[in-house]
Amino acid sequence: MVRLRAGRRQHLLRFSRRAVSAASIHLSPDLPTCLLVEDSDEDADTVAEAFRRCGIAGHLQRVTNGDECLALLRMSGATQPPALVLMDLSTPGMDGRDALRQIKEDGKLKSIPVVVTSASANPRDLEFCYRTGANAYHVKPVSHPHHLDAMTLLLQYWLGAVTLPADRGPTA
């Protein structure tokens, strides 16, 4: 069981490990790369493990701060943008808040889905992210097994169940 908090309300998400690992959503091996913006090696390892669970381990690229994220996104604008950006809020240098704002203000980048992943359950962070254009806000569970299960579900949803725009490349 994972506890998710939204404001003062607490929601319980119940699932079994068996249900997560044997999920019926199959992810395509032709999936474009996903970009992880995460400075914590432990959290990055958890995300990489979730990608392996989903059978798409080769589709994850990691940077450690907002500056690196924007540089990579602007460089990839000429080719194929990532299918999804997983953005930690608290990174050194340019943090996730500033990077999110710049992504959603950039006409060439704003259609890339950004899922904020943060240890912060602060309602101000949540409100800021949604107001700025985040597509989802995920509070990282403290427990590794729960974090891994939650990330696996998140990937299965965003990369398997959701239909993403086919062409998000640069506009003429």
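Quantities reported herein were computed from a predicted structural model and do not represent experimental measurements.

Cut-offs and rules
- Residues numbered from 1 in each chain as written.
- Predicted model: local features only at pLDDT ≥ 70, side-chain atom pairs only at ≥ 80, totals over all residues.
- Heavy atoms only, no water.
- Helix = DSSP H or I, 4+ residues; strand = E, 2+ residues; numbered from the N terminus.
- Buried < 20%, exposed > 50% of the residue type's maximum accessible area, 1.4 Å probe, protein only.
- Areas by Shrake-Rupley, 256 points an atom, 1.4 Å probe, with all protein chains shown as cover.
- Arc of directions from axis to C-beta.
- Contact = heavy atoms within 4.5 Å.
- Polar contact = N/O pair within 3.5 Å; in protein donor to acceptor, adjacent residues only side chain to side chain.
- Core = buried A, V, L, I, M, F, W, Y, C linked by side-chain atoms within 4.5 Å.
- Pairing = 2+ DSSP bridges.
- Axes fitted to C-alpha atoms, helices over the stretch in contact; angles between N-to-C directions.
- Salt bridge = Lys/Arg side-chain N within 4 Å of Asp/Glu carboxyl O.

**What about the overall build of the protein?**
Phase 1 of the analysis: If you tally the helices and strands in the protein, you get six helices and seven strands.
Phase 2 of the analysis: With 172 residues in all, the protein has 45% of them scored as buried.
Phase 3 of the analysis: Carbon and sulfur atoms make up 50% of the accessible area of the protein, which totals about 9,200 Å².

**A word on helix 5 (residues 123-132)**
Phase 1 of the analysis: For helix 5, every residue scored as buried is listed here: Asp125, Cys129 and Thr132. Within helix 5, the buried residues cover an arc of 75° as seen down the axis, which keeps them to one side. Residues of helix 5 that are exposed and point more than 90 degrees away from the buried face comprise Arg124, Glu127 and Arg131.
Phase 2 of the analysis: Buried residues along helix 5 sit against helix 4 (96-105), strand 6 (114-118) and strand 7 (136-139).
Phase 3 of the analysis: Of the residues flanking the start of helix 5, the one acting as N-cap is asparagine 122, its side-chain oxygen 2.7 Å from the backbone nitrogen of arginine 124.
Phase 4 of the analysis: Of the residues trailing helix 5, glycine 133 is marked for its positive phi of about 120°.

**Examining the nonpolar core**
Phase 1 of the analysis: In this structure, Leu35, Cys69, Leu73, Val85, Met87 and Ile103 are the most contacted members of the largest nonpolar core, which totals 22 residues.
Phase 2 of the analysis: Counting only elements with at least two residues in this core, the list comes to strand 3 (34-37), helix 3 (66-76), strand 5 (85-88), helix 4, strand 6 and strand 7.
Phase 3 of the analysis: Looking at this core element by element, the count peaks at four residues for helix 3.
Phase 4 of the analysis: Dropping the residues within four chain positions of it, isoleucine 103 is found in contact with Cys69, Leu70, Leu73, Met87, Leu109, Lys110 and Val114.

**Some words on helix 4**
Phase 1 of the analysis: Every buried residue of helix 4 is accounted for by Gly96, Ala99, Leu100, Ile103 and Lys104. Buried residues along helix 4 cover an arc of 125° about the axis, so they all sit on one side.

**Examining the pairing of strand 5**
Phase 1 of the analysis: Residues of strand 5 alternate between two faces, with Val85 and Met87 on one and Leu86 and Asp88 on the opposite face, all of them buried.
Phase 2 of the analysis: One ladder, built from three bridges, connects strand 3 with strand 5; its direction is parallel. Following the sheet pairing, valine 37 is matched in strand 5 by methionine 87.
Phase 3 of the analysis: Direction of pairing for strand 5 relative to strand 6: parallel, over a ladder of four bridges. Within strand 6, the residue paired with leucine 86 across the bridge is valine 115.

**Considerations on the sheet that holds strand 6**
Phase 1 of the analysis: The strand order across the open sheet formed by five strands is 4-3-5-6-7, and the pairing between neighbours is parallel. Every interior strand has two partners, whereas the edge strands, strand 4 (60-63) and strand 7, have only one. Adjacent strand axes in the sheet meet at a mean angle of 20° when their direction is disregarded.
Phase 2 of the analysis: The pairing of strand 6 with strand 7 spans four bridges and is classified as parallel. The partner of valine 115 across the bridge, within strand 7, is alanine 136.
Phase 3 of the analysis: Lying over the sheet, helix 4 contacts strand 5 and strand 6, oriented at roughly 145° with respect to strand 5.

**Concerning the pattern of salt bridges**
Phase 1 of the analysis: All chains considered together, the criterion is met by 10 salt bridges.
Phase 2 of the analysis: In this structure, lysine 140 engages glutamate 38 in a salt bridge whose closest nitrogen and oxygen atoms are separated by 2.7 Å. Remark: glutamate 38 occurs in the loop between strand 3 and helix 2 (41-53) and lysine 140 occurs in the loop between strand 7 and helix 6 (144-161); sequence separation between them is 102 residues.
Phase 3 of the analysis: Between aspartate 149 and arginine 53 there is a salt bridge, with the nearest N and O atoms lying 2.9 Å from each other. Within this pair, whereas aspartate 149 is found in helix 6, its partner arginine 53 is found in helix 2, the two being separated by 96 residues in sequence.
Phase 4 of the analysis: With a relative accessible area of 30%, arginine 53 lands in the partly exposed category.
Phase 5 of the analysis: Residues joined by salt bridges that share partners form a network here, namely Glu38, Asp43, Asp88 and Lys140.

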